[in-house]
Amino acid sequence: MSDSVLIKREGAIAEVWINRPDKHNAVDMSVFEGLAKAGEELRADPSVRAIILTGSGDNFCSGIDISLFTSGMSPADLNKKIMEFGDGEVANTFQKPAYIWQEIEVPVIAALQGVVYGAGAQIALGADFRLAAPNTRMSVMEIKWGLIPDMSITRTLPRLVRSDVAKDLIFTGRVVEAREAAEIGLITRIVDDPLSEARAMAELILTKNPDAIRRGKRLINDSWTGDPADTLKLEAHLQTELIASSNQLEAVFANMQKRPPKFS
């Protein structure tokens, strides 16, 4: 585990914190790797009965750290990494930090505040519940960089919203305030203190039959939408067709230079 992702334990409840508050919890490789490792560690621990996922500071997660666009990794190497699925894995390196929460048998509650953008939104969507502060703002922001969302969005968003709503969010990247997010199904409910409410919800879950809770989660997950191996590979493949294309690079450069893009 790195300092970018922390695990705190209180009995059978585990809290996973994205911990880059000075960067608004933006996702760099340390966060990708840290969340995946945290998820694997908690999945292997039979004493864990509920998980809370949150962020340090005023924001849950502002999305991808811009440094990833200038990391020195070539587009060919990045595309190769995107298409790598480990033995027995249905999710790649970039999908796993969001999808791992659905692979875990116990309930995962996201406590949200401030901005929940791009990668942050997709990580939050991987939780079973999203309790959000009134100041929460969400955006599926990948279109800003000329890309599609590809962090297990095919497994999470279709369970929450209609297809036309999903297209609206993905095609426009618009920011959705907490009230609208609750109305369209992105968040479970708005609360004044998400972390306290998440802890209370986790405590309530601890009073229920843990075997029934695990099987209840599997019941819903295994009966919803398409096969994960197919849908996760599809989003990975589509992303590789976009990375380093002329219009995708134009989206990045225009955003970095704060000017309107000029697409071909």
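Residues numbered from 1 in each chain as written. Predicted model: local features only at pLDDT ≥ 70, side-chain atom pairs only at ≥ 80, totals over all residues. Heavy atoms only, no water.

S.K.: What is the right way to read the environment of Ala-244 from this model?
M.R.: Inspection of the secondary structure assignment puts Ala-244 in the loop between helix 10 (228-242) and helix 11 (246-256). According to the relative accessible area criterion, Ala-244 is partly exposed, its value standing at 30%. In this structure Ala-244 touches Pro-75 and Leu-249, once residues within four positions along its chain are discounted. (Helix = DSSP H or I, 4+ residues; strand = E, 2+ residues; numbered from the N terminus. Buried < 20%, exposed > 50% of the residue type's maximum accessible area, 1.4 Å probe, protein only. Contact = heavy atoms within 4.5 Å.)

S.K.: When you look at the nonpolar core in this model, what are you seeing that I'm missing?
M.R.: For soluble globular proteins, the rule of thumb is that nonpolar side chains tend to be buried together. Grouped together as the largest cluster of nonpolar side chains are 52 residues, with contacts concentrated most on Val-16, Leu-35, Ile-51, Phe-60, Trp-101 and Ile-123. Broken down by secondary-structure element, the contributors of at least two residues to this core are strand 2 (13-18), helix 1 (29-43), strand 3 (50-55), helix 3 (96-103), strand 4 (108-112), helix 4 (119-125) and helix 6 (163-172). Those residues in contact with Ile-51, other than ones at most four positions away along the chain, are Ala-14, Val-16, Leu-42, Trp-101, Ile-104, Val-106, Pro-107, Val-108 and Ile-109. One finds Ile-52, Leu-131, Ala-198 and Ala-202 within the second-largest nonpolar core, a separate group that totals 13 residues. (Core = buried A, V, L, I, M, F, W, Y, C linked by side-chain atoms within 4.5 Å.)

S.K.: I would appreciate a short explanation of a nonpolar patch on the surface in the present structure.
M.R.: On the surface, a cluster of nonpolar side chains totalling about 330 Å² of accessible area is made up of Ile-66, Leu-249, Phe-253 and Met-256. Within the secondary structure, Met-256 sits in helix 11. (Patch = residues over 30% accessible without salt bridge, like charges linked within 9 Å, V, L, I, M, F, W, Y side chains within 5 Å. Areas by Shrake-Rupley, 256 points an atom, 1.4 Å probe, with all protein chains shown as cover. Salt bridge = Lys/Arg side-chain N within 4 Å of Asp/Glu carboxyl O.)

S.K.: I keep staring at the side chain of Gln-102 and nothing clicks. Help me out?
M.R.: Of note, Gln-102 is situated in helix 3. Among the polar contacts listed, one links the side chain of Gln-102 to the side chain of Arg-159, at a separation of 3.1 Å. For Gln-102, the residues in contact, after removing those within four places along its chain, are Gly-126, Ala-127, Asp-128, Arg-159, Lys-217 and Asn-221. (Polar contact = N/O pair within 3.5 Å; in protein donor to acceptor, adjacent residues only side chain to side chain.)

S.K.: Just checking my understanding: could you explain the packing of helix 1 against helix 3 for this structure?
M.R.: A pair of packed helices is captured by two measures, namely the crossing angle of their axes and the spacing between those axes. Running from amino to carboxyl end, helix 1 crosses helix 3 at an angle of 15°, the nearest separation of the two axes being 8 Å. What the angle tells us is that helix 1 and helix 3 run roughly parallel. You can see that helix 1 and helix 3 cross each other, and the crossing is left-handed. Touching Phe-32, Leu-35, Ala-36, Gly-39, Glu-40 and Arg-43 of helix 1 are Lys-96, Pro-97, Ile-100, Trp-101 and Glu-103, all from helix 3. Its residues assigned to classes, the contact of helix 1 with helix 3 shows six nonpolar, one polar and four charged. (Axes fitted to C-alpha atoms, helices over the stretch in contact; angles between N-to-C directions. Parallel < 35°, antiparallel > 145°, perpendicular 65-115°, else oblique. Left-handed = near helix turned anticlockwise from the far one by under 90°. Nonpolar A, V, L, I, M, F, W, Y, C, P; charged D, E, K, R; others polar.)

S.K.: How should I be thinking about the sheet that holds strand 3 in this particular structure?
M.R.: Backbone hydrogen bonds are what pair the strands of a sheet, in a parallel or an antiparallel way. Ordered in space as 1-2-3-4-6-9, the six strands form an open sheet in which the pairing is mixed. Unpaired on one side and paired on the other, strand 1 (5-10) and strand 9 (189-190) mark the two borders of the sheet. (Pairing = 2+ DSSP bridges.)

S.K.: It is not clear to me how the environment of Val-116 should be interpreted in this structure. Could you clarify?
M.R.: Along the chain, Val-116 turns up in strand 5 (residues 115-117). Along the primary structure Val-116 and Ser-139 are separated by 23 residues, whereas in three dimensions their C-alpha atoms are 6.6 Å apart. Setting aside anything within four residues of it in sequence, one finds Val-116 in contact with Phe-60, Cys-61, Ala-121, Ala-124, Thr-136, Arg-137, Met-138 and Ser-139.

S.K.: What is the right way to read unusual backbone geometry from this model?
M.R.: Across the chain, the bulk of peptide bonds are trans and the bulk of non-glycine residues have phi less than zero. Backbone geometry places Asn-25, a non-glycine residue, at a positive phi of 60°. Even without being a glycine, Ala-244 presents a positive backbone phi close to 70°.

S.K.: How should I be thinking about helix 10 in this particular structure?
M.R.: For an α-helix the count is 3.6 residues per turn, leaving residues at separations of three or four pointing the same way. Under the 1.5 Å per step criterion, the end-to-end length of helix 10 is 22 Å for 15 residues, consistent within 8% with the ideal 21 Å. Two or three places before Ala-229, at the opening of helix 10, Asp-227 has a side-chain oxygen 3.2 Å from that residue's backbone nitrogen. With its phi angle positive at about 70°, Ala-244 sits one or two positions after the end of helix 10. (Expected span 1.5 Å × (residues − 1).)

S.K.: Is there a simple way to explain the sheet that holds strand 7 (residues 137-139) in this structure?
M.R.: Across the sheet, which stays open at both edges, the three strands sit in the order 5-7-8 with mixed pairing between neighbours. Looking at the sheet topology across the chains shown, the edges are occupied by strand 5 and strand 8 (176-177). Here strand 5 runs beside strand 7; their pairing, made up of three bridges, is parallel. From the neighbouring strand, Val-116 faces strand 7, where its bridge partner is Met-138.

S.K.: How do you make sense of helix 9 (residues 210-222) when you look at a structure like this?
M.R.: Taking 1.5 Å as the rise per residue, helix 9 with 13 residues should run 18 Å; its terminal C-alpha atoms sit 18 Å apart, in good agreement. All buried positions along helix 9 are accounted for by Arg-214, Lys-217 and Asn-221. Viewed end-on, helix 9 has its buried residues packed into an arc of 65°, placing them on one side of the element. When the buried face of helix 9 is taken as reference, the exposed residues oriented beyond 90 degrees from it are Arg-215 and Leu-219. (Arc of directions from axis to C-beta.)

S.K.: Help me understand the packing of aromatic side chains in this model?
M.R.: For any pair of aromatic rings, geometry is given as the distance between the ring centres together with the angle between the planes. Under the definition given, this model contains one aromatic pair. With 5.2 Å between their ring centres and 85° between their planes, Phe-32 and Phe-94 make a pair best called edge-to-face. A residue pair is termed long-range when its members are at least 10 positions apart, and Phe-32 in helix 1 and Phe-94 in the loop between helix 2 (75-82) and helix 3 qualify at 62 residues. Overall, Phe-32 belongs to the buried group, its relative accessible area being 3%. Above the face of the Trp-17 ring, Lys-8 is positioned so that its terminal group lies 4.0 Å from the ring centre. (Phe/Tyr/Trp six-rings, centres within 6.5 Å; stacked < 30°, edge-to-face > 60°. Lys NZ or Arg CZ within 6 Å of the ring centre and 35° of its normal.)

So, to be careful, I would describe these as geometric facts and stop short of saying anything about function.
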